[in-house]
Amino acid sequence: KFEWKAADLPATGPEAPAPLRWADFSEFSLAELITAAEKACGSDTSLGSPPAYFKNYFQTLSDQMESRKHDFTASCLAHGGRVVGISILDLSPDAEAHLASGPCVLMEYCGRGLASALFVHSLHVLKEKGLPVVRGVCLSRSRLHKYVYPKFHGSSTEAAFPGNPKSETSQVQETREP
């Protein structure tokens, strides 16, 4: 479980790398957003979880987004009219994880620093929405845990990953600034 203090974030978020753009999540249907997140996570072999796990996780998240529409938003990275990266954000101040999906980037767009850009953009969106602390949960074996979340000022504590079939926990570590 990672936490970042909004006051510690830089004043501005990143620009979308050309030819990509930050897109308002309302440009896309909920089904398009969930499908993009599910595909990105389902193709990430570092997670070691079966595709059915992600299908169930994102179906539950989709149901929550439908029933609590005002409590969710998303950071979307688009290439033309296609979602290539998404981070679903829970705006509830008491949410266990405001980064509900974490940054999810389609496999063919990986290795370009897009997950980091999407993550920082998401932190800024949540800061602009007035959250003083932003929380995220990820598996300790995930790329997010190894390469993305530790790059940014924040703290990490061990926590059970909600709904994970392997009851994975994250490592305790201090993160560093970029």
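Residues numbered from 1 in each chain as written. Predicted model: local features only at pLDDT ≥ 70, side-chain atom pairs only at ≥ 80, totals over all residues. Heavy atoms only, no water.

**Side note on the overall build of the protein chain**
Move 1: Helix and strand counts for the protein chain come out as four helices and eight strands.
Move 2: Tracing the protein chain from N to C terminus, the helices and strands come up as β-β-α-α-β-β-β-α-β-α-β-β.
Move 3: Looking at the protein chain as a whole, 50% of its 178 residues are labelled buried.
Move 4: When contacts within the protein chain are restricted to residue pairs at least 6 apart in sequence, those whose partners lie at least 24 apart make up 64%.
Move 5: Approximately 8,800 Å² of the protein chain is accessible, and the part contributed by carbon and sulfur atoms is 53%. (Helix = DSSP H or I, 4+ residues; strand = E, 2+ residues; numbered from the N terminus. Buried < 20%, exposed > 50% of the residue type's maximum accessible area, 1.4 Å probe, protein only. Contact = heavy atoms within 4.5 Å. Areas by Shrake-Rupley, 256 points an atom, 1.4 Å probe, with all protein chains shown as cover.)

**Structural notes on the sheet that holds strand S4 (residues 82-90)**
Move 1: If you trace the four strands from one edge of the open sheet to the other, you get S2-S3-S4-S5, paired in antiparallel fashion. Of all strands in the sheet, those bounded by a partner on one side alone are strand S2 (21-23) and strand S5 (104-105).
Move 2: The pairing of S2 with strand S3 (residues 72-79) spans three bridges and is antiparallel. Considered in S3, the bridge of Arg 21 is made with Ala 78.
Move 3: Packing of helix H3 (residues 114-128) onto the sheet brings it into contact with S2, S3, S4 and S5, and relative to S4 it is tilted by some 40 degrees. (Pairing = 2+ DSSP bridges. Axes fitted to C-alpha atoms, helices over the stretch in contact; angles between N-to-C directions.)

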